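Secondary and tertiary structure notes
Okay, here's what each chain looks like letter by letter:
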Amino acid sequence: MARLRDCFPRLMVTIRSLLFWSLVYCYCGLCASVYLLKLLWSIGKGPTQTFRRVAREHPPACLNDPSLGTHCYVRIKDSGLRFHYVAAGERGKPLMLLLHGFPEFWYSWRHQLREFKSEYRVVALDLRGYGETDAPIHRENYKLDCLITDIKDILDSLGYSKCVLIGHDWGGMIAWLIAICYPEMVMKLIVINFPHPNVFTEYILRHPAQLFKSSYYYFFQIPWFPEFMFSINDFKALKHLFTSHSTGIGRKGCRLTAEDLEAYIYVFSQPGALNGPINHYRNIFSCLPLKNHMVITPTLLLWGEKDAFMEAEMAEGTKIYVKNYFRLTILSEASHGLQQEQPDIVNKLIWTFLKEETRRKDWLFL
């Protein structure tokens, strides 16, 4: 009987693991079926249009706007990868490191590059596999451990030991992990529209609505097909993400200009440009939930209440994982791309957080 009691916890862990992976693979199959039907429908309506792609050989002028900063590159000694970033502000000032989400790149931080360069050395990075940063071929090169190490190595290469770290969406996930694994590197943590990773994994298993909103996580587990689906109809799916009423930027704020949109399409239409970004998601289920999960860094979490991909309840659940000052600000009528959609409000909230004393937990709804 005692032996049975000892085996029971391990048996439950095994059963939970089997149920979890069964859910993952079943939902992968369901998502693949849905997108296959969409592909067949598109081909039936117009095969020529479905497979049409416009050649984009030259970047839009906005990507070389000198007011945004200087394009720079750094090669990491251990991995051998070359990273691209745009930097604004004088060298020697405190470092503010900006980590973008999907499907984005350094340009999603254009409003913050201009805003914070007066007091910070602002660096907007192209993450591993994105934009002009090197993109390893194999999915194993995109494990969370590799992505965390990238940020640590980049700080070292830039000559800094710590920074103000800001992450949005998937970049928010990486920012949380950096704060957990290397708290001495993060003076203050600011995350936009991504909950603590453990909140995300626990919530998604208990709430079907979030499971549906995160369906792309499961779809991205399938080899090559997601990249192909993004590219058909001259990247119509990408354009829809940025411009539709439900997921687009600018519900009640700054909309993307035609040139802004073309900048995104230009970057992701380059040969192989979608493989690296989607590979980021192909290791996530083997890495979560986290064993070490507490954050001891002063933290600001900004959230758009109308986010089409993340339910606001996860933002409120994040506070239990932060053992320091924690401020949550939820912007009503704002959606997922806060730093682009409502840059003036977001910048003001960030300035306030950077300059205030960090001694209490606080929640604010705007």
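Below is a short write-up of the structure. On a predicted model such as this, the values are computed, not experimentally measured, just so you know.

1. What about the overall build of the protein chain?
Looking only at helices and strands, the protein chain has 14 helices and nine strands in total. Residues classed as buried in the protein chain amount to 55% of the 366 residues present. A separation threshold of at least 6 residues defines the contact pool for the protein chain, and within that pool the share at least 24 residues apart is 77%. For the protein chain, the accessible surface area stands at approximately 16900 Å², while carbon and sulfur atoms represent 59% of it.

2. Quick word on the side chain of Asn193
Looking at where Asn193 falls in the secondary structure, it is placed in the loop between β6 (186-192) and α6 (197-206). By relative accessible area, which is 0% here, Asn193 ends up buried. Looking at Asn193, its side chain comes within polar contact range of the main-chain nitrogen of Gly304, at 3.2 Å. Within the structure, the side chain of Asn193 is placed 2.5 Å from the side chain of Asp307, a separation counted as a polar contact. Setting aside its immediate chain neighbours within four residues, Asn193 contacts His168, Asp169, Leu302, Trp303, Gly304, Asp307, Met310, Ser335, His336 and Leu338.

3. A short note on the nonpolar core
One broad rule of soluble globular proteins: the nonpolar side chains tend to lie buried together. With 120 residues, the main nonpolar core has Trp170 and Tyr217 as its most contacted residues. With nine residues, the single largest contributor to this core is helix α5 (residues 170-181). If near-sequence neighbours (up to four positions away) are discounted, Trp170 is found in contact with His100, Gly101, Phe102, Leu127, Leu144, Leu147, Tyr217, His280, Tyr281 and Ile284.

4. Describing the packing of helix α4 (residues 144-158) against α5
Relative orientation of the contacting elements α4 and α5 amounts to 75°, with a least axis distance of 10 Å. Taken together, the axes of α4 and α5 are roughly perpendicular relative to one another. Contacts between α4 and α5 pair Leu144, Leu147, Ile148 and Ile151 from the former with Trp170, Ile174, Leu177, Ile178 and Cys181 from the latter.

5. Digging into the packing of aromatic side chains
This structure, assessed with the given rule, holds 29 aromatic pairs. Each ring, one from Phe51 and one from Phe228, has its centre 6.2 Å from the other, and the planes form 35°; the classification is tilted. On the criterion of sequence distance, the pair formed by Phe51 in the loop between α2 (47-50) and β1 (70-75) and Phe228 in helix α9 (residues 225-243) is long-range, its members being 177 residues apart. Summarising the aromatic geometry, the rings of Tyr216 and Tyr281 are spaced 6.0 Å apart at their centres and angled 70° between planes, so their arrangement reads as edge-to-face. Taken together, the positions of Tyr216 in helix α8 (residues 215-219) and Tyr281 in the loop between α11 (275-279) and β7 (299-304) put the pair 65 residues apart, joining distant regions of the chain.

Conventions we followed
Residue positions are counted from 1 within each chain, in the order its sequence is given. In view of the model being predicted, local features appear only for residues whose pLDDT reaches at least 70, and side-chain atom pairs are presented and counted only at 80 or more, with totals across whole chains, interfaces and linings using the full set of residues. Water and hydrogen atoms play no part in the side-chain values, which are based on all heavy atoms of the structure. Secondary structure elements are taken from DSSP: a helix is a run of H or I of four residues or more, a strand is a run of E of two residues or more, and numbering for both begins at the N terminus. Residue exposure (1.4 Å probe, protein chains only): buried if accessible area is under 20% of the type maximum, exposed if over 50%, otherwise partly exposed. Pairs of residues are marked as contacts when any of their non-hydrogen atoms sit within 4.5 Å. Method for areas: the Shrake-Rupley scheme with a 1.4 Å probe, in which residue coverage is limited to the protein chains shown. Counting of polar contacts relies on pairs of N or O atoms within 3.5 Å, with two restrictions inside protein: one atom must be capable of donating a hydrogen and the other of accepting it, and residues adjacent in sequence are counted only when both atoms are side-chain atoms. Put simply, buried Ala, Val, Leu, Ile, Met, Phe, Trp, Tyr and Cys residues joined by side-chain atoms within 4.5 Å make one nonpolar core. All axes are obtained by fitting lines to C-alpha atoms, using only the stretch in contact for helices, and the reported angles, taken between N-to-C directions, cover 0 to 180 degrees. Each angle is binned into one of four classes, with values under 35 degrees roughly parallel, values over 145 roughly antiparallel, values of 65 to 115 roughly perpendicular, and all other values oblique. Any pair of Phe, Tyr and Trp rings, taking the six-membered ring for Trp, is counted once the centres come within 6.5 Å. Such a pair is stacked with planes under 30 degrees apart, edge-to-face with planes over 60 apart, and tilted for the rest.

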